[in-house]
Amino acid sequence: MSLYDDAVLVLKGYEGQDELRQAYLDHLATHPDGMWKACHAGHVTASALVIDPSRERVLLTLHKKLQMWLQMGGHCEPEDTSVEAAALREATEESGIAGLTLLPGGPVRLDRHPIPAPCHWHFDVQYAVVAPPGAVQEISDESLDLRWFAYGEVADVADDSVVRLLDATRARL
């Protein structure tokens, strides 16, 4: 199955955010290249919120380009076999933590946001992952910093999209 086909299946099976979910599906129907960064009309991205084993904190990255505290995530790559695999790969690469475990149940939420030209939109499919006990993070080239934040601290450092992702993740937990 292609990554495109996987994304369509994941989105068709996703419950909630019906209008936004349909916008993702419409975008992919109109743009067969909508999984890739080269699609300037917008493309699907995959991200994951990293939760500590005690489920009391989340690991955020201070994104080098955007200068914002965000969840781990980014563009899909040709070697990704699924959107879920892309999210797990991105979380592992950006956190430096091996052995992350996806929270069951598929995506936690969807978040479409504008990005600077030449592209216009990221259609982000957001997951949550749990770090293994004793996990030690390691800063990647895409990050200025990595830091664990207690749930109650996230709204003070991150934007509303990260807060919504945290809220949806906590509801899933």
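So, how was this worked out
Residues numbered from 1 in each chain as written. Predicted model: local features only at pLDDT ≥ 70, side-chain atom pairs only at ≥ 80, totals over all residues. Heavy atoms only, no water. Helix = DSSP H or I, 4+ residues; strand = E, 2+ residues; numbered from the N terminus. Contact = heavy atoms within 4.5 Å. Polar contact = N/O pair within 3.5 Å; in protein donor to acceptor, adjacent residues only side chain to side chain. Buried < 20%, exposed > 50% of the residue type's maximum accessible area, 1.4 Å probe, protein only. Pairing = 2+ DSSP bridges. Disulfide = S-S within 2.5 Å.

A. Spatial organisation of the environment of His122. Of note, His122 is situated in strand β7 (residues 121–130). Taking the C-alpha atoms as reference points, His122 and Leu102, 20 residues apart in sequence, are found 22 Å from one another. Beyond its immediate stretch of four places on either side in the chain, His122 contacts His43, Thr45, His75, Asp111, Arg112, His113 and Ile115. Looking at His122, its side chain comes within polar contact range of the side chain of His43, at 3.2 Å.

B. Broad picture of unusual backbone geometry. A positive phi angle, near 60 degrees, is found at Arg55, a position not held by glycine. Given a relative accessible area of 40%, Arg55 falls into the partly exposed group. Positive phi is not limited to glycine here, since Gln67 has a value of about 55 degrees. With respect to the element layout, Gln67 can be found in the loop between β2 (57–63) and β3 (69–70). Residue class for Gln67 comes out exposed when judged on its relative accessible area of 53%.

C. Structural context of the side chain of Ser82. Locating Ser82 in the fold gives a position in the loop between β4 (72–75) and α3 (83–95). Side-chain polar atoms of Ser82 contact the backbone nitrogen of Ala85, separated by 2.9 Å. Those residues in contact with Ser82 that sit more than four places away from it in its chain are Leu3 and Asp6.

D. Looking closely at the pairing of strand β6 (residues 109–114). Bridge analysis of β6 against β7 gives 6 bridges, and the strand direction is antiparallel. Its bridge partner being in β7, His113 is matched across the sheet by His122. Linking β6 back to β7 in an antiparallel pair, the connection comprises 6 residues.

E. Summary view of the side chain of Glu90. Mapping Glu90 onto the fold places it in helix α3. The contact partners of Glu90, leaving out residues within four places of it in the chain, are Ala46, Met72, Gly73, Gly74 and His75.

F. Summary view of the state of the cysteines. Following the criterion strictly, the structure yields 0 disulfides and no others. Of all cysteine sulfurs in the structure, the one in Cys39 sits closest to Cys76, which takes part in no disulfide; the separation is 12 Å. For Cys76, a relative accessible area of 5% gives the class buried.

G. Summary view of the environment of Thr45. On the secondary structure map, Thr45 appears in strand β1 (residues 43–51). Residue Thr45 is classed as buried on the basis of its relative accessible area of 3%. Remark: the alpha-carbon pair of Thr45 and Val83, spanning 38 residues in sequence, is separated by 8.1 Å. Separated by 2.9 Å, the side chains of Thr45 and Asp124 make a polar contact.

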